[in-house]
Amino acid sequence: MSLHQPQHGDPIVAIATAPGKGGVGVVRFSFPSSSSFQAFCAAFCGKLPKPRMATLLTLRDVDQHAIDEGIALLFNAPASFTGEHVLEFQGHGGQAVLQGVVAHALAVARQLNIPLRHAMAGEFTQRAFLNDKLDLAQAEAVADLIDAGSMATAKAAAASLSGVFSRQVNELADRIVHLRLLLEATLDFPEEEIEFLEKADAKGQLAGILNAHGQLLNAAQEGVKFRDGLQIVLVGEPNVGKSSLLNALAGEEIAIVSAIAGTTRDRIKQELNIRGIPLVLVDTAGLRETVDEVERIGIERTRKSVQEADLLLILKDATQGPHDALHQHLELPVHLPTLTVLNKVDLLPEAPQLLQDVLPVSAKNGQGLEQLKDAILAKVGIAHTPDHGFMARQRHVDALLVCGQHLVAAHEFAQQDDRILDLFAEELRLAHDALGEITGRMLPDDLLGLIFSRFCIGK
Ligand SMILES: Nc1nc2c(ncn2[C@@H]2O[C@H](COP(=O)(O)OP(=O)(O)OP(=O)(O)O)[C@@H](O)[C@H]2O)c(=O)[nH]1
Ligand SMILES: [Mg+2]
């Protein structure tokens, strides 16, 4: 993907709807300049559409041949998605016809000497950001909303787009600025320093900020999981029912199941949703000593999957003794959460004794699967469903972590008896700057370009 160098002054055009056939297809334009916008719209549409009114029209080429019939919608700056002058043409949803509309638009612009060009990926949203219609976290949510694979994750992205996340970031930033101003004011009158800060409860304010930061960080980490999905890896000895459990959770026959030990020889990844949370479930080759070359490679891949996992489901066969050969074969990462699942409980003459952290299930008859789903979400630390949270990206979590480091440093300076106020204030400034990276106010242009270039064209 190339890093684009946006020229913000050009009018742009793109097909805004997805490639393929559909009832309706939309071509979108954004113009920074009012005069060229008016001239273009009049020529392109054959008449100037009234702002914010659906205008039915037939587009015609220079020879008066019809290109398409559709609806034009005109939005004058700044009341538009990009904050510029925007025209949307809703025509028929086929690639040839929409490309014809774009070609016609470029020809009309050329005649009028207007430098209309194809939009680059994410350029409409980038303009919305540059014109303060959206902050960066909201702009990213546009892409996440389009990519959302379930209703619940779409709701989380829509919450971010509407500013739920940004508002919390801004509230935290405001509290930091407020405390900083207090410190800066105190620095100007050093003899009154201590008393002034105590009266204003600077320490109490900082404690409140740290607390709010912690809550926001938790919610953002959860938001990243909503977006990226979690890797859940199934491991165990051959024949314990790993592939059967994958199929049962997916509700489809995806992996081959057989009574022959060593059936699965490669990783099988399946995307699925548990209570709206996107997950990737990974079935692996059963762990055992083997001389079979293919199986050996499969087991090596199992080890690799374990290193990449967010959660490990360790599967055991309820009809087998409590022997545990797993640790012979696997080196578990220290902080990796695990759940032990006792499968085939349908074969037991009576219900198994309930042990803590061991989940009795039957991949065959579905027993215990709902409890297993709840346990999976609890174990990976998801307390909310996405429709009660917001979506976030690792970039946001990283910025919050940096912010937190500076808040902790500020807290340490504040604890010292001979308070080092200027250092305290400086740490608050750095904490505030880190938050600015989330909303995009503190990001260098090249990084902005990179973020927007990951969008699709027409967004
Ligand atoms: N009764 C009963 N049989 C099960 C259950 N789960 C799996 N089985 C049977 O156990 C055998 C092995 O199942 P698989 O899902 O292939 O086991 P696996 O762990 O993937 O095995 P490998 O791929 O060889 O590592 C098959 O005959 C399944 O039908 C269960 O919950 N109850
Ligand atoms: Mg298998």
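Residues numbered from 1 in each chain as written. Chains lettered and ligands numbered in written order. Predicted model: local features only at pLDDT ≥ 70, side-chain atom pairs only at ≥ 80, totals over all residues. Heavy atoms only, no water.

**Brief notes about the overall build of the protein**
- Across its full length, the protein carries 15 helices and 12 strands.
- Taking 23 Å as the expected radius of gyration for a compact globule of 459 residues, we find that the protein reaches 29 Å, considerably beyond that expectation.
- Here the protein, with 459 residues, has 47% of them falling under the buried criterion.
- Element-wise, carbon and sulfur atoms account for 53% of the exposed surface of the protein, whose accessible area totals about 22400 Å².
- Computed over 40 positive and 58 negative side-chain charges, the separation of the two mean positions in the protein equals 8 Å. (Helix = DSSP H or I, 4+ residues; strand = E, 2+ residues; numbered from the N terminus. Rg over C-alpha atoms; globule rule 2.2 N^0.38 Å. Buried < 20%, exposed > 50% of the residue type's maximum accessible area, 1.4 Å probe, protein only. Areas by Shrake-Rupley, 256 points an atom, 1.4 Å probe, with all protein chains shown as cover. Lys, Arg positive; Asp, Glu negative; His and termini not counted. Charge placed at Lys NZ, Arg CZ, Asp CG, Glu CD.)

**A closer look at the environment of K21**
- The topology assignment puts K21 in the loop between β1 (12–15) and β2 (22–31).
- Along the backbone, K21 and G236 are 215 residues apart, and their C-alpha atoms lie at a distance of 46 Å.

**Remarks on the environment of Q367**
- For Q367, the position within the fold is in the loop between β12 (358–360) and α12 (369–379).
- If we skip the residues at most four places from it in the chain, Q367 touches V345, P360, V361 and S362. (Contact = heavy atoms within 4.5 Å.)

**Some thoughts on the coordination of the magnesium ion (ligand 2)**
- Around the magnesium ion (ligand 2), the protein contributes the donor atoms S243 (OG) and T264 (OG1), which lie 2.0 to 2.1 Å from the metal centre. Highlighted residues: S243 in helix α9 (residues 242–250) and T264 in the loop between α9 and β8 (268–274), separated in sequence by 21 residues. Note on accessibility: S243 and T264 belong to one class, buried. (Donors = N, O, S within 2.8 Å, 3.2 Å for Na, K, Ca; no water.)

**Side note on the layout of surface pockets**
- In this structure, the largest pocket spans a volume of roughly 430 Å³.
- Along the walls of the largest pocket sit 24 residues, with N239, G241, S244, V257 and K344 positioned nearest its centre.
- In terms of residue count, α9 provides more of the lining of the largest pocket than any other element does, three residues in total.
- Across the lining of the largest pocket, the residue classes break down as nine nonpolar, 11 polar and four charged.
- By volume, the second largest pocket amounts to about 310 Å³.
- If you go around the second largest pocket, you meet 18 residues; those closest to its centre are D147, G149, F226, R227 and P278.
- Going through the elements one at a time, α4 (136–147), α8 (202–228), β8 and β9 (277–283) are the ones with two or more residues in the lining of the second largest pocket.
- A class-by-class count of the residues in the lining of the second largest pocket yields seven nonpolar, six polar and five charged.
- Taken together, domain 2 (146–225 + 391–453) and domain 3 (230–379) each give at least three residues to the lining of the second largest pocket, which thus spans both. (1 Å grid on protein atoms, 1.4 Å probe; cavity = no way out; pocket = protein on both sides within 12 Å on 5 of 7 lines; lining within 4 Å. Points joined across faces, edges and corners; volume = space filled by probe spheres on them. Nonpolar A, V, L, I, M, F, W, Y, C, P; charged D, E, K, R; others polar. Domains from an automatic or database assignment.)

**With respect to the side chain of T125**
- Counting through the fold element by element, T125 comes out in helix α3 (residues 123–130).
- When sequence neighbours within four positions are dropped, the list of residues in contact with T125 reads F81, L134, A139, V142, F452, F455 and K459.

**A word on the packing of aromatic side chains**
- With the rule as written, the count across this model stands at eight aromatic pairs.
- One residue, R28, lies across the ring of F124, its end atom 5.2 Å from the ring centre. (Phe/Tyr/Trp six-rings, centres within 6.5 Å; stacked < 30°, edge-to-face > 60°. Lys NZ or Arg CZ within 6 Å of the ring centre and 35° of its normal.)

**Observations concerning helix α6 (residues 164–187)**
- Over its 24 residues, α6 runs 35 Å from end to end, which matches the ideal 34 Å to within 8%, given 1.5 Å per residue.
- Every buried residue of α6 is listed here: F165, S166, V169, L172, A173, I176, L179, L182, L183 and T186. (Expected span 1.5 Å × (residues − 1).)

**Points about the site of ligand 1**
- Within the structure, ligand 1 sits among 23 residues, and K242, S244, G262, T264 and D346 are positioned closest to it.
- Note that an oxygen atom of ligand 1 is positioned 3.3 Å from one of the backbone N or O atoms of S258.
- Within the contact set of ligand 1, an oxygen atom lies 2.7 Å away from a backbone nitrogen or oxygen of G262.
- For ligand 1, whose accessible area on its own is 650 Å², the fraction buried by protein is 89%.
- Because more than half of its atoms lie within 2 Å of the grid, ligand 1 is assigned to the largest pocket. (Near = heavy atom within 4 Å. Polar contact = N/O pair within 3.5 Å; in protein donor to acceptor, adjacent residues only side chain to side chain. Sits in = over half its atoms within 2 Å of the grid points.)

**Looking at the domain arrangement of the protein**
- Looking at the protein, the domain boundaries give domain 1 (6–133), domain 2 (146–225 + 391–453) and domain 3 (230–379).
- Using only C-alpha atoms to locate each centre, domain 2 and domain 3 end up separated by 40 Å.
- Contact residues are listed per partner, giving four residues for domain 2 and four residues for domain 3.
- For the pair domain 2 and domain 3, the summed buried area comes to about 340 Å², and 66% of that belongs to carbon and sulfur atoms.
- Between the two partners, domain 2 and domain 3, sit zero salt bridges.
- Applying the counting rule to domain 2 against domain 3 returns zero residue pairs in polar contact (both at pLDDT 80 or more). (Buried area = accessible area lost by both parts, 1.4 Å probe. Salt bridge = Lys/Arg side-chain N within 4 Å of Asp/Glu carboxyl O.)

**Here we look at the pairing of strand β10 (residues 311–317)**
- Among the seven residues in β10, six count as buried, and that is most of the element.
- Summarising the sheet, β10 and strand β11 (residues 338–343) pair through six bridges and their orientation is parallel. Looking at β11, one finds that L315 is bridged to V341. (Pairing = 2+ DSSP bridges.)

**Description of the sheet that holds β8**
- One open sheet accounts for six strands, arranged β8-β9-β7-β10-β11-β12; its pairing is mixed. Where the open sheet ends on each side, the last strands, each with one partner, are β8 and β12. Each neighbouring strand pair of the sheet contributes to a mean axis angle of 30°, computed without reference to strand direction. (Axes fitted to C-alpha atoms, helices over the stretch in contact; angles between N-to-C directions.)

**Looking at the confidence of the model for the protein**
- On average, residues of the protein score 88 in pLDDT, and 94% of them reach the 70 mark or higher.
- Across residues 1–6, confidence stays below pLDDT 50; counting only partners more than four residues off in sequence or on other chains, it has 16 contacts. (pLDDT = per-residue confidence, 0-100.)

**Quick look at unusual backbone geometry**
- In this model, A77 is joined to P78 through a cis peptide bond whose omega is 0°.
- Among the secondary structure elements, P78 is positioned in the loop between β4 (66–75) and β5 (85–93).
- In this model, D132 sits at a positive phi of 65°, which is unusual for a non-glycine residue.
- Following the sequence through the fold, D132 ends up in the loop between α3 and α4.
- Exposure remark for D132: the relative accessible area of 57% places this residue in the exposed category.

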